[in-house]
Amino acid sequence: MSYKKAVILLICISTLIRIFLASQLEFGNDEVYYWLYAKYPDLSHFDHPPFVGFFIQFFTIDLLFDSELFIRLAAIIPASISMYLVFLIGSYINNDRTGFISVLLYNISIYGFVIAGLFVLPDAPLLLFWLLSFYCLVQALPKVPSKNSRMKLFLGFFFIGCAIYSKYQGVFLLLGVLFYIIFINRDWLKDWSLYVALIFPVLFVSIIFLWNYNNDFISYSFHNNRVSLFSFKFNRHSFLREWLGQIIYNNPYVYLMIIFMFIGILKKKFTIESKHLWMFLFFSLPLIFITVYLSLFRDTLPHWSGVSFVTILPLLAIFLERKKRLIPNLKIGFICFAILCVFTSVWINNGWFSRYNEHVNKEIYGRKDAVLDMYGWEQASNKVSDYLMNEKILNLPIVSDKWFPAAHIDYYIARPNNMNLYGVGQLEDIHKYYWINKERPPLNDNKEFLYITDSRNFRDPKGVYTDNYQEYELLKEFPISRNNQIVKYVFLYLLTKD
C-alpha cells in the first residue's frame, strides 16, 4: 500500500473513532456554549470570532440536525481535512513517508485528535485554516515572486483571514510571514502582490473591528484583561499548568522528541533546507513562547498554542524518519491512544472507579468530579421536562446568572421544550446571553421565573438575586444517577416578583 493510501485509510479510521466518541458523549461547558454561535449568528461575538458557529450551521444544515453528533461534525470533518493537509505539507518538504509519519503523530495528540478534532471549539476551524495557509505559504514565500507563487500567496493570505476570523491566534500567521520576509526572502517586499494579499486579513479584521465598534470594543477589553503583556506578578500555578498542559495535550512523547529535535538543530546534527526550516520556526515558535510568557503572570490555557505544535509535526517527522521501528511503534501508539479515548468515554458514562460520599450536602454533590460536566444533562432533560409538563409551567422563562451551566440548561432543557433562557447577571458572567436576551421577548413582562442549577455549579438564587425577587421556592430536586449511584443533583426553583 502506498503511503498516500495508508494516510487515507488512517484518516478514515480516525474519523470513525471520533464519530463514535461524538455519539457517546454529552457536551462539555465550552462546546454547548458555541452552539449558541450557530443559533444566534453574528459578525463576531463577545469571546471569539464567529467561524465555529458558521461551521456548526453548515454541518447541521442550519441546526436542522442538532444532536451532539451532528454539531460535532463541525470539528470532526475539518480535523480529517487537517490531517490530510499535514500529510501534504510533509510530502511537499520531503516525501510521502514523512507525510504519513506526520499524520500518525497528529493522531496521538490530544489537541489534534480530541480538542480540535472531536470537541466543537474555535480550534477546529482555526487549525484547518492555519494549515491551509501554511501549506500555501510554504510553497510561495521561499520562492521569488511569480505567477504561481503569487497565486499561492493570495490563497495563503485568504486563509490567514479565515484563521483570524476563527480565533485571534490566527494573527500569528501574519507574524510568521513578517519574520520570514524580513529575515529570509526580502524579494516579496518589492512585489505588489504582498500588499494586495494583505486585503484579505484586513477585511476579516475589519469585520471584527466593526462588530466591536458597535459594541464598545467589548471583546478587546475582555481579552486584554486575560492576556495583558504587562502584568508582572508571577503566577506559579498558571505557569505549571501551561507547561504540563502543553506536554499532556501534545503527547509527552511528541513533546520530548521536539526538544531532542531542536537540540539537534542547534548542534547542527539535524538539518533540512534552511528555507523550509525557517518557515516552521517562524510559524510555530512565536505563539508557543508568547503563551508560556503570559502564563508567568496570567491564567492561560494549554491548548492556546496547540496549533503551533501541530505545525511542527512534519518537521518532527523528518527528524524521526530515520528510526527503524518508528512507523510500527507509532501505529501501536495510535491504537493504544484510540483505545484510551474509547475507554475514557465509557468511563465518563459509567463512572468506573469513582467514589461518592453520600453524606455530603446535596448542593455540592459531585463538585470534584470534572467529567460530570459531560454527563447527566440528558437525564436531567427528561426528568425536568416531565415535571414542567405535569405542572403546566412550560411557559415560564428560565433565568441564569452564569454562561455555564446556562448553555447546558438552554440546550438540554429549554431547547426541546421551546422555552426561553435569559442571562440575568453581569456581562462578564453571562457573555453571549447579553445579546441573546435582546432577541427574545422582553423579560420584564413576566412575574414568575424558573431558576435551574446543579450541584456541580450550585448557586443559591436567593444569594445571587438578593433584591430582584420577593419569593424563592425550591420546587424539586432531581437526582442524577450513573451506574445506579447518585452522582449529582439538579435543582429547580420558582422565583416570583411583585
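Look up: the structure comes first, before these words.
The rules we used
Residues numbered from 1 in each chain as written. Predicted model: local features only at pLDDT ≥ 70, side-chain atom pairs only at ≥ 80, totals over all residues. Heavy atoms only, no water. 1 Å grid on protein atoms, 1.4 Å probe; cavity = no way out; pocket = protein on both sides within 12 Å on 5 of 7 lines; lining within 4 Å. Points joined across faces, edges and corners; volume = space filled by probe spheres on them. Helix = DSSP H or I, 4+ residues; strand = E, 2+ residues; numbered from the N terminus. Nonpolar A, V, L, I, M, F, W, Y, C, P; charged D, E, K, R; others polar. Axes fitted to C-alpha atoms, helices over the stretch in contact; angles between N-to-C directions. Contact = heavy atoms within 4.5 Å. Expected span 1.5 Å × (residues − 1). Buried < 20%, exposed > 50% of the residue type's maximum accessible area, 1.4 Å probe, protein only. Patch = residues over 30% accessible without salt bridge, like charges linked within 9 Å, V, L, I, M, F, W, Y side chains within 5 Å. Areas by Shrake-Rupley, 256 points an atom, 1.4 Å probe, with all protein chains shown as cover. Salt bridge = Lys/Arg side-chain N within 4 Å of Asp/Glu carboxyl O. Lys, Arg positive; Asp, Glu negative; His and termini not counted. Charge placed at Lys NZ, Arg CZ, Asp CG, Glu CD. Pairing = 2+ DSSP bridges. Phe/Tyr/Trp six-rings, centres within 6.5 Å; stacked < 30°, edge-to-face > 60°. Lys NZ or Arg CZ within 6 Å of the ring centre and 35° of its normal.

### Some remarks on empty space enclosed by the protein
Picture a little ball the size of a water molecule; that probe, rolled over the atoms, points out where space is still empty. Considering all chains together, one arrives at two cavities of 30 Å³ or more under this definition. In this structure, the largest cavity is lined by Ser400, Asp401, Pro405, Tyr451, Ile452, Thr453, Asn457 and Arg459. No other element matches strand β3 (residues 448-454), which puts three residues into the lining of the largest cavity. A per-class count over the lining of the largest cavity returns three nonpolar, three polar and two charged.

### Thoughts on the packing of helix α8 (residues 147-164) against helix α9 (residues 171-183)
Their axes nearest at 8 Å, the elements α8 and α9 cross at an angle of 145 degrees. Note on element contacts: α9 touches α8 through Val171, Leu173, Leu174 and Val177, opposite Phe157, Ile160, Ala163 and Ile164. Across the contact of α8 with α9, the residue classes break down as eight nonpolar, no polar and no charged.

### Thoughts on helix α18 (residues 377-391)
Here α18 spans 21 Å end to end across 15 residues, near enough to the 21 Å set by a 1.5 Å rise per residue. Along α18, the residues that are buried comprise Trp377, Gln379, Ala380, Ser381, Val384, Ser385, Tyr387 and Leu388. Packed against the buried residues of α18 are α19 (403-414), β3, β4 (471-482) and β5 (485-496). Backbone geometry just downstream of α18 places Lys392 in the positive-phi region, at approximately 55 degrees.

### Digging into a negative patch on the surface
On the surface, a cluster of negative charge is made up of Glu448, Glu471, Glu473 and Asp498. Residue placement: Asp498 occurs in the segment after β5. In this structure Asp498 comes out as exposed when scored by relative accessible area, which is 71%.

### With respect to the sheet that holds strand β1 (residues 398-400)
Pairing between the strands of a sheet is mediated by backbone hydrogen bonds and can be parallel or antiparallel. Reading across from one edge, β2-β1-β3-β5-β4 is the order of the five strands in this open sheet, with mixed pairing throughout. Edge strands, defined here as strands with exactly one partner in the open sheet, are β2 (421-423) and β4. For this sheet, the mean inter-axis angle between neighbouring strands, taken without regard to orientation, is 30 degrees. Here two bridges tie β1 to β3, and the two strands are oriented parallel to one another. Bridging across to β3, Val399 finds its partner in Tyr451. With respect to the sheet, α18 is in contact with β3, β4 and β5, its orientation differing from that of β4 by roughly 135 degrees.

### Overview of the packing of aromatic side chains
We describe a pair of aromatic rings using the distance from one ring centre to the other and the angle between the two ring planes. Taken as a whole and assessed by the stated rule, the structure comprises 50 aromatic pairs. With centroids separated by 6.0 Å and ring planes inclined at 40 degrees, the aromatic side chains of Phe46 and Trp435 adopt a geometry described as tilted. Taken together, the positions of Phe46 in the loop between α2 (29-39) and α3 (51-59) and Trp435 in helix α21 (residues 433-439) put the pair 389 residues apart, joining distant regions of the chain. We note that Phe46, like Trp435, is buried. An aromatic cluster is present here, built from Phe51, Phe54, Phe55, Phe58, Phe59, Phe129, Phe158, Phe159, Tyr165, Phe200 and Phe204 joined pairwise through their rings. Lying across the ring of Tyr411, Arg415 places its NZ or CZ 4.0 Å from the centre.

### Some details on the environment of Leu450
On the secondary structure map, Leu450 appears in strand β3. When neighbours within four sequence positions are excluded, Leu450 is seen to be in contact with Leu388, Ile393, Leu396, Pro397, Ile398, Val399, Met419, Leu475, Leu492, Tyr493 and Leu494.

### Things to note about the environment of Pro441
If you trace the backbone, Pro441 turns up in the loop between α21 and β3. The partly exposed category is assigned to Pro441, whose relative accessible area is 46%. Separated by 131 residues in the primary sequence, Pro441 and Val310 have C-alpha atoms spaced 45 Å apart.

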